[in-house]
Amino acid sequence: MATKKKAAKKSGAKKATKKKTTVKKAAKKKAAPKKKRTPNAAFMKPVQPDEALSAIVGSTPLPRTEVTKKLWAYIRKNNLQDPKSRRMINGDEKLTKVFGGKKQVSMFEMTKLVSKHMK
């Protein structure tokens, strides 16, 4: 009989802990309301691309986000991403000018080089 009582106490204790954890999870969800993300004004400020970059994205002032979108559209349209290592961008005539004479750069290096061509 003693073993049955112990088993009953153990199973009762497990059920109680399960209930407590579900209550804690529900409390955490209510405590963290989501806030709407506000865009950073610095990214939305129009920048003027120089001659080399304007051959790719256009000569009108654009926000940095739009410059990046147009640059990636150009890369995809002309199939300039390296097929073996997708992180690398192969430069054609126009992009080589933007890349400072380099034939191939990484995605991360590309953003650094492109920012030099915006005023």
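Above this text you will find the structure in question.
Keep in mind it's a predicted model, so treat the numbers as computed, not measured.

Conventions used here
Residues numbered from 1 in each chain as written. Predicted model: local features only at pLDDT ≥ 70, side-chain atom pairs only at ≥ 80, totals over all residues. Heavy atoms only, no water. Helix = DSSP H or I, 4+ residues; strand = E, 2+ residues; numbered from the N terminus. Polar contact = N/O pair within 3.5 Å; in protein donor to acceptor, adjacent residues only side chain to side chain. Contact = heavy atoms within 4.5 Å. Axes fitted to C-alpha atoms, helices over the stretch in contact; angles between N-to-C directions. Parallel < 35°, antiparallel > 145°, perpendicular 65-115°, else oblique. Left-handed = near helix turned anticlockwise from the far one by under 90°. Nonpolar A, V, L, I, M, F, W, Y, C, P; charged D, E, K, R; others polar. Core = buried A, V, L, I, M, F, W, Y, C linked by side-chain atoms within 4.5 Å. Buried < 20%, exposed > 50% of the residue type's maximum accessible area, 1.4 Å probe, protein only. Arc of directions from axis to C-beta. Salt bridge = Lys/Arg side-chain N within 4 Å of Asp/Glu carboxyl O.

Student: Requested: an account of the side chain of Gln-81, with residues and values cited.
Tutor: Turning to its location among the elements, Gln-81 is positioned in the loop between helix 4 (64-77) and strand 3 (88-90). Engagement of the side chain of Gln-81 in a polar contact is seen with the backbone oxygen of Arg-86, the distance being 2.8 Å. In contact with Gln-81, other than residues within four places in its own chain, are Trp-72, Ile-75, Arg-86, Met-88, Ile-89, Asn-90 and Met-107.

Student: Can you lay out the packing of helix 4 against helix 6 (residues 107-115) for me, pointing to particular residues and giving the numbers?
Tutor: At a closest axis distance of 12 Å, the pairing of helix 4 and helix 6 adopts a crossing angle of 125 degrees. Relative to helix 6, the element helix 4 is oriented oblique. Crossing of helix 4 against helix 6: the hand is right-handed. When helix 4 is examined against helix 6, the residues Arg-64, Val-67, Leu-71, Trp-72 and Ile-75 are found in contact with a partner set consisting of Met-107, Met-110, Val-114 and Ser-115. Looking at the contact of helix 4 with helix 6 residue by residue, the class counts come to seven nonpolar, one polar and one charged.

Student: Any details on the nonpolar core? Residues and values, ideally.
Tutor: Within the largest apolar cluster, 21 residues are counted, with the highest numbers of intra-cluster contacts made by Val-67, Ile-75, Leu-95, Phe-99, Met-110 and Val-114. Listing elements by their share of this core, those giving two or more residues are helix 3 (51-57), helix 4, helix 5 (93-98) and helix 6. A per-element tally of this core places helix 4 first, with five residues. If we ignore the near neighbours within four places in the chain, the residues touching Val-67 are Val-47, Leu-53, Val-57, Leu-62, Val-114 and Met-118.

Student: Describe unusual backbone geometry, with residues and values.
Tutor: Backbone geometry places Asn-79, a non-glycine residue, at a positive phi of 55 degrees. Among the secondary structure elements, Asn-79 is positioned in the loop between helix 4 and strand 3. A relative accessible area of 63% places Asn-79 in the exposed class.

Student: Describe helix 6, with residues and values.
Tutor: Within helix 6, the full set of buried residues consists of Met-110, Leu-113 and Val-114. The arc that holds the buried residues of helix 6, viewed along the axis, is 95 degrees, so those residues lie on one side. Set apart from the buried face of helix 6 by more than 90 degrees, the exposed residues are Phe-108 and Lys-112. Against helix 3, helix 4, strand 3, helix 5 and strand 4 (104-106) lie the buried residues of helix 6.

Student: Can you tell me about the pattern of salt bridges, naming the residues and giving the values?
Tutor: Overall, the coordinates contain two salt bridges when judged by the stated rule. For Glu-66, the salt bridge is made with Lys-69, and the minimal N-O distance between the two is 3.6 Å. One end of the pair is Glu-66 and the other is Lys-69, both in helix 4 and three residues apart, which spans about a single turn. One salt bridge in this structure joins Lys-102 and Glu-109, with 2.3 Å as the shortest N-O distance.

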